[in-house]
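Structure at a glance
What follows is each chain in one-letter form.
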Amino acid sequence: MPTEVTTTGPAPEEIKSLNEECGVFGVWGDPHAAELTHLGLHTLQHRGQEGAGIVGKTPEGLRRHYGFGLVAEVFAQPASLQQLRGDAALGHVRYATAGGRILENIQPLLFRFTDSAIALAHNGNLTNAASLRAQLEANGAIFQSTSDTEVLMHLVRRSPAPTFIGQLKAALNQVHGGFAFAILTESGLYAAVDPNGFRPLVVGQLPSGGYVVCSETAALVAVGATFCFDVEPGELVEITDAGLVRDHFTTQTQLAVCSMEFIYFARPDSEIHGVNVHLAREKMGRRLAQEQPIDADIVVGVPNSSLSAALGYAQESGIPYELGLVKSQYIARTFIQPTQALRERSVRLKLSAVPAVVAGKRIVLIDDSIVRGTTAIQLVQLLKDAGAKEVHLRIASPPLRFPCFYGIDIQTTKELFAANHSVSQMKAILGVDSLGFLSVAGLEASVGLKTTAPNGGLCVAYFTGEYPTPLDDYEPHLSEELSHLAINIGEVSA
Ligand code: SF4
């Protein structure tokens, strides 16, 4: 009889800036599938720190271990992984957007039926999950979790199609929004990406001949797998002992990769649709230097996600790059503190200025994005306290002015600094000497995906409010949000 083991306990609270919903990693056809998945999840840890889980295809069937916390915390006991050993596995790291923070929402979700068992891992957010769930419940469905992901499994099981692939295709055609799904059964590993390809998903091959499906190419490298292909919008990949089959659940597709993957989320050593993330960020920095030049002594990047852009800004402007800010290697997360004073101290624990570098200097400070503005205020203050003469803030992305409904945790304009202030107001609040953002055109050109799709194949809805899909259940909510908004979308400097 299969068993399930869970690690319970309080989930750590974070000061949220921007959080990806999750990362997925699956293996088919390798005797070390569980161990490889464990390694792969470590590599994808930046995509979600709230919870982690692995389902292993063992000789006794699908077994699961999951819990709140980092991968190292959830799998602290060797036995937790040993019991999942077999020739296939599926893992997940989670940051909750839809559904909230309860143990039942930690993925992979595992469903047991009289004839089979199915594990499901999802990266993204379904825009019509609430209405689909209401319909399903009205027809007698009983849900175990509050996660939007569970809807897919109900749709699969209710499909009259004669094969699992047929049922899966029928279900995938009913869910809308952003999704990269990986699904494990005792017969195969399946991967599917929404018709816009918002969230990345790649397939690689192991030296053993087995296959890997995962969110980022960096995780392929970590387990010694060779990159095969990006799962394309609308694609359904089936991997079984008979081999790999590329199929489509729809051909009504249009590439709109989440631009925040290139700006902030993905690891710099990953490639998305053939574009290296570090090089894209470096180009964003170069373009930012062209669009938002300033006379200064040194360029300083905010560690770590802004370092590539800072390097690009320095190269293009000719202003030397300096290590003006350093990040503690050992404070992984900034926990919510009960008072503002303690919260500010925790930012200072994470990052510190190097006075010998910044004192008396005119600094161009490069950050990848501004979300709520609270961290940027602290950073500027850090540099000024360390003796910086001037701080010119340059942001390697356009102002974030609209909510995201495709898998990022900002779903209201109230949380967004640039949605509620003009650029000159932001400059005054941040206490900087000047402020400049990258343009949307500059972002698209810097990423340079090889596609004829609108917006250079990127989703730029965060910056423009032009969503690539209908927003379904979120439409009334967005209209209400936007009715309060009074901002100039084209404004990028002050
Ligand atoms: S709205 Fe923003 S965060 Fe959401 S998918 Fe589009 S670019 Fe990414």
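Throughout, a residue's number is its position along its own chain's written sequence, starting from 1. Side-chain atom pairs in this predicted model are given and counted only at pLDDT of 80 or more, local residue features only at pLDDT of at least 70, and totals for whole chains, interfaces and linings cover all residues. The basis for every side-chain value is the complete set of heavy atoms in the structure, and neither hydrogens nor water enter the calculation.

1. Quick notes on the nonpolar core
- Here, the term nonpolar core denotes a set of buried Ala, Val, Leu, Ile, Met, Phe, Trp, Tyr and Cys residues that are joined through side-chain atoms within 4.5 Å. Burial classes follow relative accessibility: with a 1.4 Å probe on protein chains only, a residue under 20% of its type's maximum area counts as buried, one over 50% as exposed, and anything between as partly exposed. Of all hydrophobic cores here, the largest spans 52 residues; its most connected members are Phe-262, Met-284 and Leu-443.
- Listed by contribution, the elements that provide at least two residues to this core are strand E15 (257-258), helix H8 (259-265), helix H9 (277-291), helix H10 (307-317), strand E21 (362-367), helix H16 (440-447), strand E24 (458-459) and helix H17 (461-464).
- If we ignore the near neighbours within four places in the chain, the residues touching Phe-262 are Val-257, Ile-272, Val-275, Val-277, Ala-280, Arg-281, Met-284, Val-447, Leu-449 and Leu-458.
- Of all hydrophobic cores here, the second largest spans 29 residues; its members include Leu-325, Val-357, Val-358 and Leu-365. Comment: elements are numbered from the N terminus, with helices defined as DSSP H or I runs of at least four residues and strands as E runs of at least two. By definition in these notes, contact holds between two residues if any of their heavy atoms fall within 4.5 Å.

2. Focus: the pairing of strand E5 (residues 88-94)
- Counted residue by residue, E5 has 7 buried out of 7 residues, so it is predominantly covered.
- At least two DSSP bridges between two strands are required for those strands to pair. Relative to E5, strand E2 (residues 22-28) is paired through 7 bridges, and the arrangement is antiparallel. Bridge pairing links Cys-22 to Arg-94 in E5.
- As judged from the 7 bridges shared by strand E3 (residues 51-58) and E5, these two strands associate in the antiparallel manner. Residue Ala-52 lies in a different strand from E5, and its bridge partner there is Val-93.

3. Considering unusual backbone geometry
- In this structure, the amide linkage connecting Gln-107 to the following residue, Pro-108, adopts the cis form with an omega of 0°.
- With respect to the helices and strands, the residue Pro-108 is situated in the loop between E5 and strand E6 (109-112).
- Cis geometry marks the peptide bond from Pro-303 to Asn-304, where omega comes out at -10°.
- Position of Asn-304 among the secondary structure elements: in the loop between strand E18 (298-301) and H10.
- Positive phi, normally seen in glycine, also occurs at Asp-472, with a value near 50°.
- Looking at where Asp-472 falls in the secondary structure, it is placed in the loop between H17 and helix H18 (475-482).
- On the basis of relative accessible area, Asp-472 is assigned to the partly exposed category, the value being 26%.

4. What about the UniProt feature "binding site: Mg(2+)" (unreviewed entry) in the protein?
- UniProt positions are given in the numbering used here, feature names are shortened, and annotations may be inferred rather than shown by experiment. UniProt records the feature "binding site: Mg(2+)" (unreviewed entry) at Ser-305, Asp-367 and Asp-368, using the numbering of this structure. The annotated residues occupy 64 residues of the chain but converge on a single region, no pair of C-alpha atoms lying more than 8.0 Å apart.
- Tracing the chain through its elements places Asp-367 in strand E21.
- Assessed through its relative accessible area of 10%, Asp-367 is described here as buried.

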